[in-house]
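Residue-level structural notes
Okay, here's what each chain looks like letter by letter:
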Amino acid sequence: MLLEGQLPWPSCRVMDCGGKRSATPLWPAATVSIHRLVPPSESAVVASLCRRSPKSPVRPLTPHPLLVAANSALAGVTLQRSTKRMSDAQKFRIGVLGSGKGSNFVAIADAIRAGQVPAEVAIVLSDVENAGILERARERNIPARFIAPGKFRTKLEDEAEAAFVAALRETKVDLVVLAGFMRIIKSGLMNAFPNRIINIHPSLLPSFPGLEAWKQALDHGVKFTGCTVHFVDAGVDSGPIIGQQTVPVLDDDTPETLHQRIHTAEHELYPKCVAAIARGEVEVRGRRVVGKLR
Ligand code: GAR
């Protein structure tokens, strides 16, 4: 059983309390809240004890009194924790992975500081020892670590992947945010954080997945490109799309000028997507992610 310093309500929000899908809630915070209090095998029972608020067909959900009672008993230890620990624990925690200069991380961190994203960055990890993202994190007093990626160029070696997973678990992150992390995500990370890894890609997916997407767009001659935030699945840049922002391609664009404008769009889009997930305002329905970004 996993008991954490957090009561899951009133923040307990379960994506679907009805049919069979309730056993595998896809909404990240809900998954975390439930699994923190009960073993995964009992999640279905917990979920089925929830009921929808009649005024809101999707959420918020109000916990059933039985559920509150059952979990009050389970959470006896939690209740004894200090107020400060409780309020810290209630924050939505994100772990950021990046290989580059970290401008998207900065955009998210700044939006958090401005009160636009109800979350905290719990840790920043990089596979590049001198990556700017680590420096940007340390400047903000956010724990930052380099983890050696191993011998491969495009993916993490198994031991390295295990070290990433351990660091993210130790810091109890609710969501893994890839911000320019230039390695393929393998099953170890995916299984450790199912449906809880998101990525930003510099094109309007499904167009131009892979490397140098802005250059691919320019070479192809499209008139609009942009950026996409999506959940990570087993494919390359192929998971359910959370948000997209368009960027026009100008006649005199070079790869550099276009990439710069896409970057600006990314810095607007990514914090909005993280905020929507942290607030529980998006829901995954198969390939579609529904909910409003604001
Ligand atoms: C961003 O443009 C992001 O879209 C891209 O790396 C850059 C990171 O910049 N990611 C990918 O291409 C992933 N396929 P940053 O380090 O300044 O945030």
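I will try to describe carefully the structure that is included in this document. (Residues numbered from 1 in each chain as written. Predicted model: local features only at pLDDT ≥ 70, side-chain atom pairs only at ≥ 80, totals over all residues. Heavy atoms only, no water.)

A look at the overall build of the protein chain
What counts is decided by this rule: Note on conventions: DSSP H or I runs of at least 4 residues are helices, E runs of at least 2 residues are strands, and numbering of each starts at the N terminus. Note on exposure labels: buried denotes an accessible area under 20% of the residue type's maximum, exposed denotes more than 50%, and partly exposed covers the range between, all computed with a 1.4 Å probe on protein chains only. Two residues form a contact once any of their heavy atoms are found within 4.5 Å. Surface accessibility in these figures is a Shrake-Rupley result with a 1.4 Å probe; residues are shielded only by whichever protein chains are displayed.
Assigned secondary structure in the protein chain consists of eleven helices and eleven strands. Here the protein chain holds 294 residues, and 50% of them are scored as buried. The long-range share in the protein chain, meaning contacts at least 24 apart out of those at least 6 apart in sequence, stands at 65%. When the accessible surface of the protein chain is split by element, carbon and sulfur atoms take 56% of a total near 14100 Å².

Describing the site of the ligand
Operational definition: It suffices for a single heavy atom of a residue to lie within 4 Å of a molecule or strand for the residue to be listed as near it. Within 3.5 Å is the distance limit for a polar contact, defined as a pair of N or O atoms, with the added protein rule that one can donate a hydrogen and the other accept it, and that residues adjacent in sequence qualify only through two side-chain atoms. Here the term charged refers only to Asp, Glu, Lys and Arg, the term nonpolar to Ala, Val, Leu, Ile, Met, Phe, Trp, Tyr, Cys and Pro, and the term polar to all other amino acids, Gly among them.
Near the ligand lie 13 residues; those nearest to it are Gly-102, Ser-103, Asn-104, His-263 and Glu-266. Gly-102 is positioned with one of its backbone polar atoms (N or O) 2.8 Å from an oxygen atom of the ligand. Residue His-263 places a side-chain N or O atom 3.1 Å away from an oxygen atom belonging to the ligand. Bound to the protein, the ligand loses 91% of the 450 Å² it would expose on its own. Elements with a minimum of two residues in the shell around the ligand: helix H6 (103-113), strand E7 (197-201) and helix H11 (255-278). Of the residues in the shell around the ligand, the class split is three nonpolar, eight polar and two charged.

A few points about the environment of Ile-242
Structurally, Ile-242 can be placed in strand E9 (residues 241-248). Given the relative accessible area of 8%, Ile-242 is considered buried. Taking the C-alpha atoms as reference points, Ile-242 and Val-274, separated by 32 residues in sequence, lie 9.6 Å from one another. Setting aside anything within four residues of it in sequence, one finds Ile-242 in contact with Ile-198, Val-229, His-230, Phe-231, Cys-273, Ile-277, Val-289 and Leu-293.

What to know about H11
Applied cut-off: What a helix is expected to span follows from its residue count: subtract one and scale by 1.5 Å. Bend angle per residue: angle between axes fitted to the 7 residues ending at that residue and the 7 residues starting there.
With 24 residues, H11 ought to run about 34 Å at 1.5 Å a step, and its terminal C-alpha atoms sit 34 Å apart, in line with that. If you look at H11, its biggest bend is around 25°, right at Glu-266. Phi for Gly-280, located one or two positions after H11, is positive at around 75°.

A word on the nonpolar core
Short version of the rule: Here, the term nonpolar core denotes a set of buried Ala, Val, Leu, Ile, Met, Phe, Trp, Tyr and Cys residues that are joined through side-chain atoms within 4.5 Å.
By size, the foremost hydrophobic cluster in this structure holds 45 residues, and its most contacted members are Ile-94, Val-96, Phe-105, Val-124, Val-177, Ile-198 and Tyr-270. Ranked by the residues each element gives to this core, the list is headed by H11, at eleven residues. Beyond its immediate stretch of four places on either side in the chain, Ile-198 contacts Leu-175, Val-176, Val-177, Leu-178, Val-229, His-230, Phe-231, Val-232, Ile-242, Tyr-270, Val-274 and Ile-277. Of all hydrophobic cores here, the second largest spans 22 residues; its members include Leu-125, Ile-147, Leu-189 and Val-232.

Coordinates in, geometry out; function isn't part of it.
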